[in-house]
Amino acid sequence: MNKKLLTEFLGTFFLLAVVSFTGNPLAIGAVLAVLVYGGGHISGAHFNPAVTLALFLKKKISQDEALKYVLVQICAGIVASAFFFSTHQTFFIPQPAPHTAWLTALGVESIFTFLLVRTILMTAVDARVKNNHYFGLAIGAALFVGASTGGPISGGAFNPAVGVSPLLFDFAHLTEHIPLILLYILGPCMGAGVAALITDTEK
């Protein structure tokens, strides 16, 4: 495994570990900031298939490398889910709040993934702010806002590796999880796609 893929694996693993172990928005935003500062210069610090999709759409990463990133991110999420199971003896199952309509949760996942990805594009990708020192804090803050505001409604994945990998790990109930799998793929990818479409980044 090359350095980029190893960085993506470790970053995604620790992100999901913090999400599943604490669910605390401040801890989640803080760990993402730490991981972005630590891995940004190596892999770009995606740690999220939706981010990888956006950067592919902006032609910042090739199709081949994007597919490798997504595969590694999902695998890291499954390993983190296994780690959670080994310590808690139960599955971590991301899901919306009770009685939340699927379309409502989809909208929340899309909107706050849009905020996260647009923040990444504006602070870590746009050449006009190259070499700034605040990008990690901005990205961590965006996830903190999303987890605090949208998390209690949609489950707060904003990341298919966070939302889908734990459901894949609970393989015995995979059929029952299909609506959640679709939610945590479509919502983040829609938000990321719109962010990539409307955000102007200079090369």
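To start, this report covers the structure provided alongside it.

Criteria and thresholds
Residues numbered from 1 in each chain as written. Predicted model: local features only at pLDDT ≥ 70, side-chain atom pairs only at ≥ 80, totals over all residues. Heavy atoms only, no water. Helix = DSSP H or I, 4+ residues; strand = E, 2+ residues; numbered from the N terminus. Rg over C-alpha atoms; globule rule 2.2 N^0.38 Å. Buried < 20%, exposed > 50% of the residue type's maximum accessible area, 1.4 Å probe, protein only. Contact = heavy atoms within 4.5 Å. Salt bridge = Lys/Arg side-chain N within 4 Å of Asp/Glu carboxyl O. Core = buried A, V, L, I, M, F, W, Y, C linked by side-chain atoms within 4.5 Å. Expected span 1.5 Å × (residues − 1). Phe/Tyr/Trp six-rings, centres within 6.5 Å; stacked < 30°, edge-to-face > 60°. Polar contact = N/O pair within 3.5 Å; in protein donor to acceptor, adjacent residues only side chain to side chain.

A short note on the overall build of the chain
Stage number 1. Regarding its fold elements, the chain presents ten helices and zero strands.
Stage number 2. When the helices and strands of the chain are read in sequence order from the N terminus, they spell out α-α-α-α-α-α-α-α-α-α.
Stage number 3. Relative to the globule expectation of 17 Å for 203 residues, the C-alpha radius of gyration of the chain, 16 Å, shows essentially globular dimensions.
Stage number 4. The buried share of the chain, taken over its 203 residues, is 49%.
Stage number 5. If you take every contact in the chain between residues at least 6 apart in sequence, the share linking residues at least 24 apart comes to 76%.

Things to note about the pattern of salt bridges
Stage number 1. Evaluation of the coordinates by the stated rule reveals four salt bridges.
Stage number 2. Here Lys4 makes a salt bridge to Glu65, at a shortest N to O gap of 3.4 Å. Linking Lys4 in helix H1 (residues 3–21) with Glu65 in helix H4 (residues 63–88), this pair joins segments that are 61 residues apart in sequence.
Stage number 3. With a closest N to O distance of 3.4 Å, Lys68 and Asp64 form a salt bridge. One end of the pair, Lys68, and the other, Asp64, are both in helix H4, four residues apart, so they sit about a helical turn from each other.
Stage number 4. Lys68 sits in the partly exposed class, given a relative accessible area of 43%.
Stage number 5. Ionic contacts of the salt-bridge type, sharing partners, join the residues Asp126, Arg128 and Asp200 into one network.

Here we look at unusual backbone geometry
In terms of backbone geometry, most residues other than glycine have negative phi values and most peptide bonds are trans.
Stage number 1. You will see that Ala45, though not glycine, has its phi angle at about 55 degrees, which is positive.
Stage number 2. Relative to the elements of secondary structure, Ala45 occurs in the loop between helix H2 (25–43) and helix H3 (49–57).
Stage number 3. Of note, the phi angle at Gln89 is positive, near 60 degrees, even though the residue is not glycine.
Stage number 4. Tracing the backbone through its elements, the reader meets Gln89 in the loop between H4 and helix H5 (102–125).

Digging into the nonpolar core
Stage number 1. One finds Leu15, Val19, Leu32, Leu116, Val117, Leu143 and Tyr184 to be the most contacted residues of the largest nonpolar core, which totals 50 residues.
Stage number 2. Elements with a minimum of two residues in this core: H1, H2, H3, H4, H5, helix H6 (135–149) and helix H10 (178–198).
Stage number 3. Looking at this core, the element that brings in the most residues is H5, giving nine residues.
Stage number 4. Once you skip the residues sitting within four places of it in the chain, Val19 turns out to touch Ile28, Phe92 and Val162.

Digging into H1
Stage number 1. Its 19 residues place the ends of H1 27 Å apart at the C-alpha level, agreeing with the 27 Å of an ideal helix rising 1.5 Å per residue.
Stage number 2. In the segment just after H1, Gly23 is the residue with positive phi, at about 65 degrees.

Notes on the packing of aromatic side chains
Pairs of aromatic rings are described using the distance from one ring centre to the other and the angle between the two planes.
Stage number 1. By the definition in use, this model includes ten aromatic pairs.
Stage number 2. Measuring from centroid to centroid gives 5.7 Å for Phe21 and Phe84, while their planes differ by 85 degrees, and the two rings are edge-to-face. Note that Phe21 is positioned in helix H1 and Phe84 in helix H4, a separation of 63 residues in sequence.
Stage number 3. The class of Phe84 is buried, set by a relative accessible area of 6%.
Stage number 4. Where Phe85 meets Phe91, the ring centres are 4.8 Å apart and the plane angle is 40 degrees; that geometry is what we call tilted.
Stage number 5. What makes Phe85 partly exposed here is its relative accessible area of 28%.
Stage number 6. Put simply, the rings of Phe13, Phe14, Phe21, Phe83, Phe84 and Phe92 pair up and form one aromatic cluster.

Considering the environment of Ser165
Stage number 1. Counting through the fold element by element, Ser165 comes out in helix H9 (residues 165–169).
Stage number 2. Setting aside chain neighbours within four positions, we find Ser165 in contact with Gln73, Ile74, Gly77, Ile78, Ser81 and Pro160.
Stage number 3. In terms of polar contacts, Ser165 uses its side chain to reach the backbone carbonyl oxygen of Ala161, at 2.9 Å.

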